[in-house]
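Reading the structure
Chain residues, written in single-letter form:
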Amino acid sequence: MLTKSEEIYLLRKLGRQANVLEIDMIDAEWSEHCSYKSSRKYVRSLPSRGKRVIVGPGYDAGVLDIGDDDVITVHIESHNHPSAVEPYGGAATGVGGVIRDIISMGTRPVALLDALRFSSIDKVKKTSKSKWLFRNVVRGIADYGNCIGIPTVGGDIEFDNSFKDYCLVDVAAIGLGKRSQIISNHAEDGDIIVLAGNPTGKDGIRGASFASKLLDNEEDRSAVQIPDPFLEKLLIEATIEATNRNCINATKDLGGGGLSCCLSELSHLVEKGFEIELYAVHTKMDDITPNEIMISESQERMVYVINKNKLSTFDEIFTKYGITYSIIGKVSGKDNLKILYEGKPIASLSCNLMVNAPLAKWKSKRPNYLNNLKTKIKMEMLDNYNDILLRLLANPNIGNKDWVYQQYDHEVGLRTVIKPGSNASVIRVNDNKFVSIKLDGNSKHCYLDPYQGMLGCLSESCRNVACTGAQPIGILDHLQFGSPENPHIYWTFIKSIKAIIDFCSYMKIPVVGGKVSFYNETMNSPIKPSPVIGTIGLIKDKTHITNNVPNSGNRLFILGHTREELGGSEYFELIDREKYGRVPKVNLNTDKKNRSAVLDMIEKGLIEFVHDCSKGGIGTALSELAIFGNTGINIDLKNIPNTCTRNDFLLFSETHSRYIIGTNNPDELKKFMRNRKCKFSEIGRTDSTMTLRIHESGKEVINLPLKELANRYNTMNNTMDGI
Amino acid sequence: MKIGIVVFPGSNCDRDVHHVLNDVMGINAQYIWHTEESINQYDALILPGGFSYGDRLRAGVIAAQSPIVEAIKKKAQEGLPILGICNGFQILVEAGLLPGALVKNVKLQFSCKWLKMEVLNVNTPFTNMFSLNDEVTIPIAHGEGRFVIDDDKLGELKRNNQIVFKYKDQNPNGSTEMIAAICNKEGNVMGLMPHPERASESILLPNQTKSNAGLIFHSLKNFLSSYVKN
């Protein structure tokens, strides 16, 4: 619904009363979801330029130059509200939407990733809502992605009780193409406008508006769209064929706000006017009104602008794939979206007016809870570290997530070199060029310190990508918060933006795409600030691809200094100290220094495997290495550079910018890191004992057989399988 | 030598098989869109994986009704080597070219993972370069891959040596006797649930594993080169 001041603004700009259809169109386009009216001012200030950036944020997908005429397109979207009421359809259509953004650029989608957030699934019944949401979101993504033949290669999953009765479903997609074939999006008077794909129906009516308010009841399922992956697959193939045969002048997918938003944004993009006859639209039913046609969010639809001489080629291609299309209008004049029904004009609006919603102005204020956090940690010594480590490994935020990844076809396309569940996923462009990608977030850190938490997400994501041997070349940001109308929440949003600007400017990594999603609230409470960061990295040599599986290289090193940073850590949550301690602080200089040291050592062949240290700290990272490599590990804690007062803090602190490295060449490695003035030390070895042993100068701290570690690490898989 | 890859709407491993045959194995392979009328120019046919017609009703059943399948049946009778991978296997079963049925995995869940299978028949055009009981590392990716068959027909499969591959160590989907691949009585038509094209390049194998799954395509090349010129 338009606000009072928006209504006044509209009246002033239009010079007349808008009719009901026009108000519906404006309402969809001016919804938070489509207009970014609460965030646009801030998002615009993100650093988005770089020598590789061909198209930055603001279009359907960002385009990055990766050399030799190759480009990758990247985009991230969420489908939170729909998934929270109808997890299967909501998640599936979320996948569909982001895929169409990739094909809109004329590129072939080659990989998907998901960042998912749910309420805890620990100690809850099999029939609990959190498990129901989790199970069905994963199934929705799987059924859709598998059917269209695009591998889901990885992602990030987090469980936190601030997502009670809710969930976040973020989907990122990567496309591959040739620079010369990127759709340039232009139009001439007389060009034909075609709507292809699903017949328009009454599903997803007012979806964009639905997503732009709090989730207050579940009677809104009719606002959720119905997925048809088979049709999507046909649209992908037909669009790519039509692009290759130069049929398409401009194209855009239909997402939030349906035809209304698609047409206004596309006409604005090509700086032309569109004249549309709604009667020509192929529909699911006869009793659908023109208003419904304009704002329906039926899925698997695309609009194409084509030269009329190309119509016969276009027809040949779309007929081959059995895709229904209608010619719904023509390009004519400038800056006017004119809608007709059976020849009679029923709406006429300036595209400029539609796509430039008046900015919303909200107050921002530092939330009070931040003043009540206890930064001093007072707690008694715990003695059984074996038990703590096992409980951490069993935590679904840390443990193995094969139950999820095995439901996704992550191999189709023959590009998945490093598979899901690793530091980052690596996909093959060709035999000497690879792209690495990882999504990361940490809502616990972001809740306790939105600025440092956000820096941490960026650091972790870049670190993960670097661990595969890839140089970060672009960032995706997905900013998810509660209502911007709440000054405390808006403050956390502004802090997060500041962190992205600071990090990306310092590291010279451009933001190439993103999305802001507000109003992530139920009647219970708003979610914690839950930004998700995606980092895209480039590997230019096959030999640089690096994994985190110890097969060779038995000498273990740690790079980075461990501080007592347990605020928001998994360890403190485990022992009920959620609001204690300081969250890890990112020192940008150290972060950059350590990351480039790792990349250079990989290039020099000094690193056999490398693993990121984050959630669950060193304790978790070492356990994972032992499990992945099916190898014993022996570590002396005394050797780890740190400023921690206790061994449990040292083991489970989540300080950033740390790496655990395995090498066969310890002398060269030491020399290199010394030259780079990095903080590092040799901490132990892998061995054939089949146990993880951590001691402090001989005094035992942890001693666990591999089998037990692996068993606990698999807890989530066993729980979800119902064993 | 020319291999045809039959593409239905919704096939999605067609490009993968095309890449492996042409770029890795050096075999000339071409796409055949499902409406093409003549398939006489091919020395072998591959029905790739995917979700033909969205796997509506049940996997493979709609594609099995298309006219090109009639032509494929004729070729099968003439003895042309025909390989169905995953959805291709489902289509061959639905078309009646192979016995049994492929139903939903026991867990009712899609499953994509690497596993091992064992070779039981080395006398087909697709396995002639293996040795009996060879172990093959290969990934599966299916939701409806549980092979079921009644006892009589199972006996027949065994008597005729029609079980070509079995899963090893674990049964990923609940298949009868861990069956992963079968062939027809004559041996020229084989259906296989796992994906050999995904295990034919070392860079795609999970860390430090090795696989001889590519021998399936090499075997076909070997078989064809014995009587096809060029």
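Reading guide: rules and limits
- Residues numbered from 1 in each chain as written.
- Chains lettered and ligands numbered in written order.
- Predicted model: local features only at pLDDT ≥ 70, side-chain atom pairs only at ≥ 80, totals over all residues.
- Heavy atoms only, no water.
- Helix = DSSP H or I, 4+ residues; strand = E, 2+ residues; numbered from the N terminus.
- Rg over C-alpha atoms; globule rule 2.2 N^0.38 Å.
- Buried < 20%, exposed > 50% of the residue type's maximum accessible area, 1.4 Å probe, protein only.
- Contact = heavy atoms within 4.5 Å.
- Areas by Shrake-Rupley, 256 points an atom, 1.4 Å probe, with all protein chains shown as cover.
- Domains from an automatic or database assignment.
- Buried area = accessible area lost by both parts, 1.4 Å probe.
- Salt bridge = Lys/Arg side-chain N within 4 Å of Asp/Glu carboxyl O.
- Polar contact = N/O pair within 3.5 Å; in protein donor to acceptor, adjacent residues only side chain to side chain.
- Nonpolar A, V, L, I, M, F, W, Y, C, P; charged D, E, K, R; others polar.
- Pairing = 2+ DSSP bridges.
- Axes fitted to C-alpha atoms, helices over the stretch in contact; angles between N-to-C directions.
- pLDDT = per-residue confidence, 0-100.
- Parallel < 35°, antiparallel > 145°, perpendicular 65-115°, else oblique.
- Left-handed = near helix turned anticlockwise from the far one by under 90°.
- Arc of directions from axis to C-beta.
- Phe/Tyr/Trp six-rings, centres within 6.5 Å; stacked < 30°, edge-to-face > 60°.
- Lys NZ or Arg CZ within 6 Å of the ring centre and 35° of its normal.

1. Section: the overall build of chain A
A tally of helices and strands in chain A yields 25 helices and 28 strands. For 723 residues, the compact-globule formula gives about 27 Å, and the C-alpha radius of gyration of chain A, at 26 Å, lands near that figure. Of all 723 residues assigned to chain A, the portion counted as buried reaches 66%. Nonlocal contacts in chain A, meaning residues at least 24 apart in sequence, comprise 84% of its contacts between residues at least 6 apart. Of the accessible surface of chain A, which amounts to about 25200 Å², a share of 47% is contributed by carbon and sulfur atoms.

2. Comments concerning the overall build of chain B
Broken down by element type, chain B carries five helices and 11 strands. Here the C-alpha radius of gyration of chain B, 16 Å, is about what a compact globule of 230 residues would show, namely 17 Å. On the principal axes, the C-alpha backbone points of chain B span a range of 40 × 40 × 35 Å. Burial statistics for chain B: of 230 residues in total, 60% are counted as buried.

3. A short note on the domain arrangement of chain A
Residues and elements named next belong to chain A. One can read the domain layout of chain A as domain 1 (1-30 + 183-357), domain 2 (44-181 + 414-541) and domain 3 (382-399 + 546-723). Each of domain 1 and domain 2 has a C-alpha centre, and these two points are 26 Å apart. When the two sides are added together, the surface that domain 1 and domain 2 hide from each other amounts to roughly 3100 Å², 60% of it contributed by carbon and sulfur. Put simply, domain 1 and domain 2 have three salt bridges between them. Put simply, R100 and D253 hold a salt bridge, and the shortest N to O gap is 3.5 Å. Counting across the interface, domain 1 meets domain 2 through nine residue pairs in polar contact (both at pLDDT 80 or more). Ranked by residue count, the leading element in the side of domain 1 that touches domain 2 is helix α9 (residues 229-244), at 11 residues. Class assignment for the residues of the side of domain 1 that touches domain 2 results in 16 nonpolar, eight polar and 12 charged.

4. Some remarks on the interface of chain B and chain A
Counting residues at the interface gives 31 residues for chain B and 33 residues for chain A. Buried area between chain B and chain A, both sides added, is near 2700 Å², and the carbon and sulfur share of it is 57%. If you sort the residues of chain B by the area they bury against chain A, B:C112, B:I203 and B:L204 come out on top, with a joint share of 22%. Inspection of the region where chain B meets chain A yields three salt bridges. Salt-bridge contacts for A:D409 lead to B:R198; the nearest nitrogen and oxygen are separated by 2.9 Å.

5. Focus: the side chain of A:N198
All names here are of chain A. The residue N198 is located in the loop between β7 (192-197) and α8 (207-210) in this model. Only 3.0 Å separates the side chain of N198 from the backbone oxygen of Q299, close enough to count as a polar contact. Residue contacts for N198: discarding those within four places in its chain leaves L231, H282, K284, Q299, E300 and R301.

6. Details of the sheet that holds strand β9 (residues 274-277) of chain A
All names here are of chain A. Here we have seven strands laid out as an open sheet, ordered β8-β10-β7-β11-β9-β12-β13, and mixed in their pairing. Each edge of the open sheet carries a strand with a single partner, namely β8 (250-253) and β13 (344-349). Averaged over neighbouring strand pairs, the angle between their axes works out to 25° when direction is ignored. Relative to strand β12 (residues 337-341), β9 is paired through four bridges, and the arrangement is parallel. Residue pairing across strands places I276 opposite I339, the latter belonging to β12.

7. Concerning the confidence of the model for chain B
Taken over all residues, the pLDDT of chain B has a mean of 95, while the share at 70 or more is 99%. Across the assembled chains, the prediction reports ipTM 0.96 with pTM 0.95.

8. Some words on the packing of helix α17 (residues 450-467) of chain A against helix α18 (residues 487-507) of chain A
Each pair of packed helices can be described by the angle between their axes along with the distance between the axes. All names here are of chain A. At a minimum axis distance of 8 Å, the contact between α17 and α18 shows a crossing angle of 40°. In this view, α17 runs oblique relative to α18, as classed from their interaxial angle. At the point where α17 passes α18, the crossing takes the right-handed sense. Only W491, T492, K495, S496, K498, A499, I500, D502, F503 and C504 of α18 make contact with α17, whose side of the interface consists of P450, Y451, M454, L455, L458, S459 and C462. Broken down by class, the residue content of the contact of α17 with α18 amounts to 11 nonpolar, three polar and three charged.

9. Considerations on helix α24 (residues 706-713) of chain A
Residue and element names in this part refer to chain A. Within the sequence span of α24, burial applies to L706, L709 and Y713. End-on, the buried residues of α24 take up no more than an arc of 65°, which puts them together on one face. Considering only its buried residues, α24 is in contact with α14 (385-394), α21 (617-629), β27 (691-696), β28 (699-705) and α25 (715-720).

10. Some points on the packing of aromatic side chains
All names here are of chain A. Applying the stated criterion to the full structure yields 29 aromatic pairs over all chains. With centroids separated by 6.3 Å and ring planes inclined at 45°, the aromatic side chains of F481 and F518 adopt a geometry described as tilted. Here the residue F481 occupies a position in the loop between β17 (471-480) and α18, and F518 occupies one in the loop between β18 (511-517) and β19 (532-539), the gap between them amounting to 37 residues. Each member of the pair F481 and F518 is classed as buried. Its guanidinium or amino end placed over the ring of Y447, K528 lies 5.1 Å from that ring's centre, counting from NZ or CZ. Sitting over the face of the ring of Y580, R577 holds its NZ or CZ atom 5.6 Å from the ring centroid.

11. Some remarks on the pairing of β13(A)
Regular strands place their side chains on alternate faces of the sheet. Residue and element names in this part refer to chain A. As paired strands, β12 and β13 are joined by five bridges and run antiparallel to one another. Directly across from I339, in β13, lies its bridge partner A347. Counting the residues between successive antiparallel strands, the hairpin from β12 to β13 contains two residues, one of them, E342, with a positive phi of roughly 50°.

12. A closer look at unusual backbone geometry
Both trends apply: most residues other than glycine have a negative phi, and most peptide bonds are in trans. Positive phi values are uncommon outside glycine, yet A:N246 reaches one of about 55°. You can see A:N246 is positioned in the loop between α9 and β8.

13. What about the sheet that holds strand β15 (residues 425-430) of chain A?
Residues and elements named next belong to chain A. Ordered by their spatial adjacency, six strands build an open sheet running β14-β15-β16-β19-β17-β18, and the pairing between neighbours is mixed. Only two strands of the sheet have a single neighbouring strand rather than two, namely β14 (416-418) and β18. The average angle at which neighbouring strand axes cross in this sheet is 25°, direction not considered. Here β15 pairs with strand β16 (residues 433-440) via five bridges, running antiparallel. Its bridge partner lying in β16, R428 is registered against F434. With respect to the sheet, α18 is in contact with β17 and β18, its orientation differing from that of β17 by roughly 175°.

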